[in-house]
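Architecture and fold: a report
Residues per chain are reported as follows:
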Amino acid sequence: MRRPQLDIQLKTPEQIELMRAAGLVVARALSRMREAVAPGVTTADLDAIAEATIREAGAVPSFKGYHGFPASICSSVNEQVVHAIPSSKQVLRAGDIISIDCGAVLNGWHGDAAVTVAVGEVAPALLRMAEVAEDAMWAGIAAAARGAASGRGRLTDISHAVETAVRKGGRYGIVDGYGGHGIGTEMHQDPHVLNHGRPGKGPRLVPGLALAIEPMITAGSPRTVELSDGWTVVTRDRSMAVHVEHSMALLDDGVWVLTAVDGGRARLGDLVTARQPVDSPAR
């Protein structure tokens, strides 16, 4: 079933279960990469871990070959915001931060998530920026759950919650032009989910809606440029950037964070659907 205005794909509970399986593949890949991040590791090393983990699960990397993208992850270091291509020449150093964005498709359904990871000992201000982005992502997911439960929620309630959390956290730039998206049988679907804006606008938040929520914030200007490789997006002022993401779905009785091992329960509590078991480990 699709909403005619934006071609929004609404999922059945059974389809959301399938998306959860894909989400757990992504969660496992990100966990393995997080453990591997260290000074001296290359972003190509991380990409190899991701691809092996995804294929071991019988899934396929969503990113590899997507519009010609050559790898299984985006590995964005320091001033790189999103879409950086892994390379054997990109060697991580102590003090770096890296955003690892990963996607997998399993039985025709996509999962998509990103984490920002510190490399060795990192400046406290950078750790704080990553924490603010994480908090903003969870604020957006909570807003979606509450909006759906009330029957009055609109898409930009998520955007407003993300922006409010970022502004509360400090003086950060909210990256222009990039944001979250619908997800399901394609990695990117309607609607686009901005990380800023006034509440109460856009499509209704209803059961069956699946979205990837992904704040991207910087220590300076929100403006970005794309490098000559046609993929890597960096901050225009070369300030440091962070990016986090989870895929989530709305059900009749709550939200399910499909790429979080616990389904979001630790951060969202009773907002999480009863369909999500309390002790649901990544398989």
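Residues numbered from 1 in each chain as written. Predicted model: local features only at pLDDT ≥ 70, side-chain atom pairs only at ≥ 80, totals over all residues. Heavy atoms only, no water.

Bringing unusual backbone geometry into the picture now. Here the residue pair D190 and P191 is connected by a cis peptide bond, since its omega of 0° sits within 30 degrees of zero. Relative to the assigned elements, P191 resides in strand β10 (residues 189-193). Positive phi values are uncommon outside glycine, yet N78 reaches one of about 60°. Mapped onto the fold, N78 is located in the loop between β4 (73-77) and β5 (80-82). Under the relative-accessibility criterion, N78 is labelled buried at 11%. Although it is not a glycine, H83 adopts a positive phi angle of roughly 70°. (Helix = DSSP H or I, 4+ residues; strand = E, 2+ residues; numbered from the N terminus. Buried < 20%, exposed > 50% of the residue type's maximum accessible area, 1.4 Å probe, protein only.)

Looking now at the nonpolar core. Judged by nonpolar contacts, the single largest core of 41 residues is most densely connected at I141, I158, L205, I213, I217, L250 and L268. When residues in this core are grouped by element, the largest group, 13 residues, is from helix α3 (residues 124-150). Excluding residues within four positions of it along the chain, L250 makes contact with I16, A144, A145, A148, L205, V206, P207, G208, L209 and V255. If you look at the next biggest cluster of nonpolar residues, it comprises 25 residues, including A21, A22, I54 and L106. (Core = buried A, V, L, I, M, F, W, Y, C linked by side-chain atoms within 4.5 Å. Contact = heavy atoms within 4.5 Å.)

What follows deals with the sheet that holds β10. Here we have 5 strands laid out as an open sheet, ordered β10-β9-β11-β16-β17, and antiparallel in their pairing. In this open sheet, the two edge strands, each paired with only one partner strand, are β10 and β17 (254-257). Strand-to-strand twist of the sheet, defined as the mean angle between neighbouring strand axes without regard to direction, takes the value 25°. Relative to β17, strand β16 (residues 246-251) is paired through 4 bridges, and the arrangement is antiparallel. Counted as the bridge partner of A249 is W256 from β17. (Pairing = 2+ DSSP bridges. Axes fitted to C-alpha atoms, helices over the stretch in contact; angles between N-to-C directions.)

The next point concerns the pattern of salt bridges. The tally for this structure, following the rule as stated, stands at 7 salt bridges. We note a salt bridge from R128 to E131, for which the minimum N-O separation is 3.3 Å. With R128 and E131 both in helix α3, this residue pair falls 3 residues apart, about one helical turn. Exposure remark for R128: the relative accessible area of 35% places this residue in the partly exposed category. The class of E131 is partly exposed, set by a relative accessible area of 43%. Among the ionic pairs, R167 bridges to E163, the shortest N-O distance being 3.7 Å. Remark: E163 and R167 occur in helix α4 (residues 155-169); sequence separation between them is 4 residues, near one turn of the helix. Looking at R167, the relative accessible area reads 45%, which means it is partly exposed. Taken together, the shared-partner salt bridges connect E51, R55 and K64 into one network. (Salt bridge = Lys/Arg side-chain N within 4 Å of Asp/Glu carboxyl O.)

Fair warning: the whole summary comes from geometry, so function is off the table for now.
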